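# Residue-level structural notes
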Amino acid sequence: MNSVSESYKNNPLHLKHIIPLDFKTALKLPDSHAWTLPDHPMADPLTHAAVPVIDLGGPQAATLIRQACEKWGAFQVTNHGIPIKLLNQVEFQTRRLFALPANQKLLAGRSPEDFTGYGLPRISTFFSKLMWTEGFTILGSPLDHARQLWPHEYDHINFCQVMVEYQKELKGLAEKILGLMFRSLGLTQEDIAWFKPKYGCKSPQGVLQLNSYPVCPDPNRAMGLAPHTDSSLLTSLYQGNTSGLQVYRDNVGWVPVHPVSGALVVIVGDLMQITCNGRFKSALHRALVNNTRHRISTAYFYGPPQDVKISPSVKLTDHDHPILYRPVTWREYLDAKATHFNKAIELIRYDASSC
Ligand SMILES: O=C(O)CCC(=O)C(=O)O
Ligand SMILES: [Fe+2]
């Protein structure tokens, strides 16, 4: 079993935090979905630069990635090697899924202790208001859930092929970017030997999350996806050409990540922050909605092999940079996150007295 599925079995959810609204019938924003916004200021676009866009094939890629991870915890990549044709197919299949009638989507609904299939974001449980979104989570083959949505093979076969191919491409890309991140910090293959999957271990190291943000009648009072950090090592996100993603920077505010044609957004996750002993910070981010366009995004969360203890690389610690975090597996970290949400990372921090 994968680390994510094990953790979710131990932390079951209530149905009201799983079943999305039937957005097609909601002509007004229900009180259950009306948030008090904003909680943080927006950055002034005239004085603050945007999240960097990095050419992955360029000679400066590793240096630019390091700078972006230190400053933003996020960046966009072009020239990443994932064919635009595949990205378009992924968007097409994702829209096809979310366009199904609500009762049909619920046939592939997530069960309270599972995490694949159709439902609300896992983090819904931490907020009193519900988010204007629905999602579909895939680990490896989506065949079982796809059959529930479309019983005939000719209706689900393309969906499954596209999603499997996409995960393969995203895994390769995540490994490449992770390699560049480590290299940019002076870490060698030996320093990060844990990162290579064990021989014969077939369990996926990534989870694919399809997100849908339907057109919203009152976007200024709604929340697409509430502020959070990802628990992964890194996340690769495709947002098509509809904006909505924002990254938070201390002393600056929320900065929109404007779509760049064909680019993917890379977000530093909590486990990366731990591995780098805080050199790279996981980015707090959120997604807003709008009243004209149905926004789709696909997020791929890449993590370490199962049961591997992640800990700060000793090369990044010294007298001036004491070790900040305790060793933790992805599974243990997800358990902490399921209970303590955005405070989880503080819980695995050594307190000053124990360093
Ligand atoms: O839709 C987006 O832009 C953000 C999605 C996201 O942050 C997530 O799925 O974790
Ligand atoms: Fe996220």
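Residues numbered from 1 in each chain as written. Chains lettered and ligands numbered in written order. Predicted model: local features only at pLDDT ≥ 70, side-chain atom pairs only at ≥ 80, totals over all residues. Heavy atoms only, no water.

### Some thoughts on the overall build of the protein chain
The following threshold applies: Each helix is a run of DSSP H or I of at least 4 residues and each strand a run of E of at least 2, with the numbering of both proceeding from the N terminus. With the radius of gyration taken over C-alpha atoms, the globule rule is written as 2.2 Å times the number of residues to the power 0.38. Buried means the residue's accessible area, taken with a 1.4 Å probe over protein chains only, is under 20% of the maximum for its type, while exposed means over 50%, and partly exposed covers the values in between. By definition, residues are in contact when any of their heavy atoms lie within 4.5 Å.
Along its length, the protein chain carries 9 helices and 12 strands. At 20 Å, the protein chain has a C-alpha radius of gyration in line with the 20 Å of a compact globule built from 355 residues. Reported as C-alpha extents along the three principal axes, the dimensions of the protein chain are approximately 60 × 50 × 40 Å. Scored against the burial criterion, the 355 residues of the protein chain give a buried share of 53%. In the protein chain, of all internal contacts separated by at least 6 residues, the share reaching a separation of at least 24 is 78%.

### Describing the site of ligand 1
We apply this condition: One heavy atom within 4 Å of a molecule or strand makes the whole residue count as near it. Here a polar contact is recorded for every N or O atom pair within 3.5 Å, except that within protein the pair must consist of a potential hydrogen donor and a potential acceptor, and residues adjacent in sequence are included only if both atoms are side-chain atoms. Accessible surface area values rest on a Shrake-Rupley calculation with a 1.4 Å probe, where residue burial reflects the displayed protein chains alone. Ten residue types, Ala, Val, Leu, Ile, Met, Phe, Trp, Tyr, Cys and Pro, are classed as nonpolar, four, Asp, Glu, Lys and Arg, as charged, and the remainder, Gly among them, as polar.
As a structural note, the neighbourhood of ligand 1 is formed by 13 residues, with Asn211, Tyr213, His285, Arg295 and Ser297 the closest of them. Arg295 places a side-chain nitrogen or oxygen 2.8 Å from an oxygen atom of ligand 1. Taken by itself ligand 1 offers 300 Å² of open surface, and the protein chains cover 97% of this. The set of elements that each furnish at least two residues to the shell around ligand 1 consists of β5 (206-213), β6 (225-228), β11 (285-287) and β12 (295-302). Considering every element that reaches the shell around ligand 1, the biggest residue donor is β12, with 4 residues. The residue makeup of the shell around ligand 1, split by class, is 7 nonpolar, 4 polar and 2 charged.

### Considering the sheet that holds β12
Put simply, the rule reads: A strand pair is defined by DSSP finding two or more bridges across the two strands. Geometry is summarised by axes, namely lines fitted to C-alpha atoms with helices restricted to the contacting stretch, and by angles between N-to-C directions that run from 0 to 180 degrees.
Taken together, the 8 strands give an open sheet; going across it, the order is β1-β2-β10-β7-β12-β5-β4-β3, and neighbouring strands pair in mixed fashion. In this open sheet, the two strands that pair with only one neighbour each are β1 (53-55) and β3 (117-119). Each strand axis lies, on average, 25° off the axis of its neighbour in the sheet, ignoring direction. In the packing of helix α6 (residues 153-184) onto the sheet, the strands contacted are β2 (74-78), β4 (134-138), β5, β7 (234-238), β10 (264-268) and β12, and the crossing angle to β12 comes to about 55°.

### Quick look at unusual backbone geometry
Residues other than glycine seldom take positive phi values, yet Asn277 does so here, at roughly 50°. As for its position among the elements, Asn277 is in the loop between α7 (270-275) and β11. For Asn277, a relative accessible area of 8% translates into the label buried. The backbone phi angle of Phe341 is positive, close to 50°, even though this residue is not glycine.

### Here's the deal with the state of the cysteines
Test applied: A pair of cysteine sulfur atoms is labelled a disulfide when the two atoms are within 2.5 Å.
Under the defined criterion, the tally for this structure stands at 0 disulfides. In this model Cys276 remains outside any disulfide bridge; the closest cysteine sulfur is found in Cys69, 7.7 Å from its own.

### Here's the deal with the coordination of the iron ion (ligand 2)
Going by this rule: Note: metal donors comprise N, O and S atoms at 2.8 Å or less from the metal (3.2 Å for Na, K and Ca); water molecules are not included, so apparent gaps in a site are possible.
Within the protein, His228 (NE2), Asp230 (OD) and His285 (NE2) serve as the donor atoms for the iron ion (ligand 2), at 2.1 to 2.3 Å. Summarised as a motif, the one-chain spacing of the donors to the iron ion (ligand 2) is H-x1-D-x54-H. Of this pair, Asp230 sits in the loop between β6 and β7 while His285 sits in strand β11, placing them 55 residues apart in sequence. Grouping residues by exposure puts Asp230 and His285 together as buried.

### Describing the layout of surface pockets
The test is simple: Put plainly, a pocket is an open set of points on a 1 Å grid over the protein atoms alone with protein on both sides within 12 Å along at least five of seven lines, a cavity is a set where a 1.4 Å probe fits but cannot get out, and a lining residue has an atom within 4 Å of a point. Grid points are joined across faces, edges and corners, and a volume is the space filled by probe spheres set on the points.
Estimated volume of the second largest pocket: approximately 540 Å³. Of all the elements in the fold, those that place two or more residues in the lining of the second largest pocket are α2 (61-71), β8 (245-249), α7 and α9 (344-347). Of all the elements, α2 adds the most residues to the lining of the second largest pocket, at 3 residues. A breakdown of the residues in the lining of the second largest pocket according to their chemical character gives 11 nonpolar, 6 polar and 8 charged.

### Some details on the confidence of the model for the protein chain
Defined as follows: The predictor reports its confidence for every residue as pLDDT, a score running from 0 up to 100.
Per-residue confidence for the protein chain gives a mean pLDDT of 90; residues scoring 70 or more make up 90%. The complex prediction reports pTM at 0.93, with the ipTM value standing at 0.99.

### Topic: the packing of helix α3 (residues 84-98) against α6
Keep this limit in mind: If an angle is under 35 degrees, it is roughly parallel; if it is over 145, roughly antiparallel; if it lies from 65 to 115, roughly perpendicular; otherwise it is oblique. Helix crossings get a hand from a simple test, with the near helix turned counterclockwise from the far one by less than a right angle marking a left-handed crossing and a clockwise turn marking a right-handed one.
For the pair α3 and α6, interaxial distance at closest approach is 10 Å and the crossing angle is 135°. In this view, α3 runs oblique relative to α6, as classed from their interaxial angle. Crossing geometry of α3 relative to α6 is assigned as left-handed. Facing α3, whose interface residues are Leu86, Leu87, Gln89, Val90, Gln93, Thr94, Arg96 and Leu97, α6 presents Asp155, Asn158, Phe159, Val162, Met163, Glu165, Tyr166 and Glu169. Looking at the contact of α3 with α6 residue by residue, the class counts come to 8 nonpolar, 4 polar and 4 charged.

### Considerations on the side chain of Thr329
With respect to the helices and strands, Thr329 occurs in the loop between β12 and α8 (330-340). Once residues within four sequence positions are removed from consideration, Thr329 is found in contact with Asp307, Val308 and Lys309.

### With respect to the sheet that holds strand β9 (residues 253-256)
Strand order in the open sheet formed by 4 strands is β6-β11-β8-β9, with antiparallel pairing between adjacent strands. What marks the edges here is a single partner per strand, and that holds for β6 and β9. Strand-to-strand twist of the sheet, defined as the mean angle between neighbouring strand axes without regard to direction, takes the value 25°. In this sheet, β9 lies alongside β8 in antiparallel orientation, the contact comprising 4 bridges. Considered in β9, the bridge of Arg249 is made with Gly253.

### Here's the deal with the packing of aromatic side chains
Rules: Pairing of aromatic rings covers Phe, Tyr and Trp, the last through its six-membered ring, and needs centres within 6.5 Å; plane angles under 30 degrees mean stacked, over 60 mean edge-to-face, and all others mean tilted.
Enumeration over the complete set of coordinates arrives at 8 aromatic pairs. Between Phe126 and Phe341, the ring centres sit 4.6 Å apart and the planes meet at 10°, which makes this aromatic pair stacked. In this pair, Phe126 is assigned in the loop between β3 and β4 and Phe341 in the loop between α8 and α9, connecting sequence segments 215 residues apart. By relative accessible area, Phe126 is classed as partly exposed at 31%.

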